[in-house]
Amino acid sequence: MENILVLTHADETGSALTRASLEAVTAGKDLAARLSASLTIGIVAVDATAAAGALTSTGARLLAVSGEAFAQARYGSDAAACEALCRAAKATIVLAPGSSRLTRVAAGVAHRLGGFIDTHITALGGTETVEATRWFYRQRIEAVLSRDNRPWFLLLDAGTHAAFAGEPGVTSVEQLTVELPALRTTVSGFRAPAQDAQTIRPDAKMLFVAGAGWTKKQPDGQIHAAEAGELILGFLRATSASLGSSKSLVDQGGDGVPVLPFLTHMNQIGQTGATPRHAKGLSTCCHGEEPHVVGWRFIGDRRAISLDPNCGWTRGKADVVYIADAFQVMAKVNALLDAK
Ligand SMILES: Cc1cc2nc3c(=O)[nH]c(=O)nc-3n(C[C@H](O)[C@H](O)[C@H](O)COP(=O)(O)OP(=O)(O)OC[C@H]3O[C@@H](n4cnc5c(N)ncnc54)[C@H](O)[C@@H]3O)c2cc1C
């Protein structure tokens, strides 16, 4: 019989689990029920007892590694914590959120335990054995993997499962003592861009994509890059949408072409960019070519505003296409949002 362990960690408060961790809990509960397997949840947090409150109704065995040493992500302490949790749970299947914190240590921990790891898992199936689904070749091929090797670590992509939301309460947690190795890294603080400067928001409901048309000559023969920037940032401020871009727009900057200073290659969506998950997407001033649209694979409702009635979006890539001037449409949308 499989022993399933879900590894979780706290957010920056140190006493609440991250959303991605709670998604992994849902995946673990479902899998354990299907395989009739035992379920353990391992918590890495400063205050694991508080963090465990959200897991009271899971009915799972709760193990924790807690204390100041685990306040911050650091390879040495996190790897030691995860290794201790896996050994205590005698885990054969380890599910973990594909967060930057656990992605950094999971392969190392799998190696220490003589196990195997697969990443970017989007679904778990199977009733006799574990079948893990992931995409290959820029989300064009979907594969179902199974392995006989144990322990098998599976890192789950965020946004693929509902976050566990049981009735919170007080529960008992088995605290593990971890012998830390000599720590060479001291975490002196955390520096992050201000929330409104951070335009990539994986948890946002909506993706807003800017294409190269925003910095091209408009019907009046002029370029309106400053106005474009204001319209885009105004919409993001009002909606908290995540900002994506076409490759053509983020590649600009040579030959005196105006750039939108808040865009980087990190915003690029597509074959050589990102494939985010959002319920809705709105593309503006973008042609909707296949290398771009392949990055929209996991966007639920796709809409586009383009001047070109023959653009890729109108050729079956979008659910709704507005053949219109995005400058005018977004100015109107922003005014309506402001009025609200
Ligand atoms: C190997 C390879 C990998 C690639 N990877 C990627 C990738 O990962 N991501 C990606 O995006 N691209 C990628 N590309 C490039 C891709 O093929 C396109 O060239 C790119 O997506 C075009 O960007 P765009 O639509 O913003 O620009 P354009 O093709 O220049 O289109 C601009 C659009 O804006 C419209 N427009 C202009 N003004 C307005 C207005 N006022 N209102 C409304 N619409 C307006 C125009 O009608 C036009 O349709 C790749 C290409 C290759 C060969």
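In what follows, the structure referred to is the one given above.
The model shown is predicted, which means the values in this text are computed figures rather than measured ones.

A. Spotlight on the pairing of strand β11 (residues 206-210). For β11, the tally of buried residues reaches four of five residues, placing the bulk of the element in the interior. As paired strands, β11 and strand β13 (residues 278-284) are joined by five bridges and run parallel to one another. Across the sheet, Val209 pairs through a bridge with Ser283, a residue of β13. Bridge analysis of β11 against strand β12 (residues 242-245) gives four bridges, and the strand direction is parallel. Note that in β12 the partner of Ala210 across the bridge is Ser245. Crossover connection from β11 via helix α5 (residues 225-239) to parallel β12: handedness right-handed.

B. Just the site of the ligand, in detail. Taken together, 28 residues form the shell around the ligand, and within it Lys216, Gln218, Ser246, Thr272 and His287 come nearest. One of the side-chain nitrogen or oxygen atoms of Lys216 is found 2.4 Å away from an oxygen atom of the ligand. The contact in question runs from an oxygen atom of the ligand to an N or O atom on the backbone of His287, over 2.6 Å. A molecule is said to occupy a pocket when more than half its atoms come within 2 Å of that pocket's grid points, and by this definition the ligand occupies the second largest pocket. Among the elements of the structure, α6 (247-251), α7 (290-293), β14 (299-306) and α8 (326-339) are those that each provide at least two residues to the shell around the ligand.

C. Region of the structure containing helix α4 (residues 100-112). The sharpest bend along α4 measures roughly 35° and falls at Ala106. When we look at burial in α4, the residues that qualify are Arg101, Leu102, Val105, Ala106, Val109 and Ala110. Packed against the buried residues of α4 are β1 (3-9), β2 (38-45), α3 (75-89), β4 (93-97), β5 (116-121) and β9 (152-156).

Scoring rules and cut-offs
Residues numbered from 1 in each chain as written. Predicted model: local features only at pLDDT ≥ 70, side-chain atom pairs only at ≥ 80, totals over all residues. Heavy atoms only, no water. Buried < 20%, exposed > 50% of the residue type's maximum accessible area, 1.4 Å probe, protein only. Helix = DSSP H or I, 4+ residues; strand = E, 2+ residues; numbered from the N terminus. Pairing = 2+ DSSP bridges. Right-handed = clockwise from strand over helix to strand, strands pointing away. Near = heavy atom within 4 Å. Polar contact = N/O pair within 3.5 Å; in protein donor to acceptor, adjacent residues only side chain to side chain. 1 Å grid on protein atoms, 1.4 Å probe; cavity = no way out; pocket = protein on both sides within 12 Å on 5 of 7 lines; lining within 4 Å. Sits in = over half its atoms within 2 Å of the grid points. Bend = angle between axes of the 7 residues up to and from the residue. Contact = heavy atoms within 4.5 Å.

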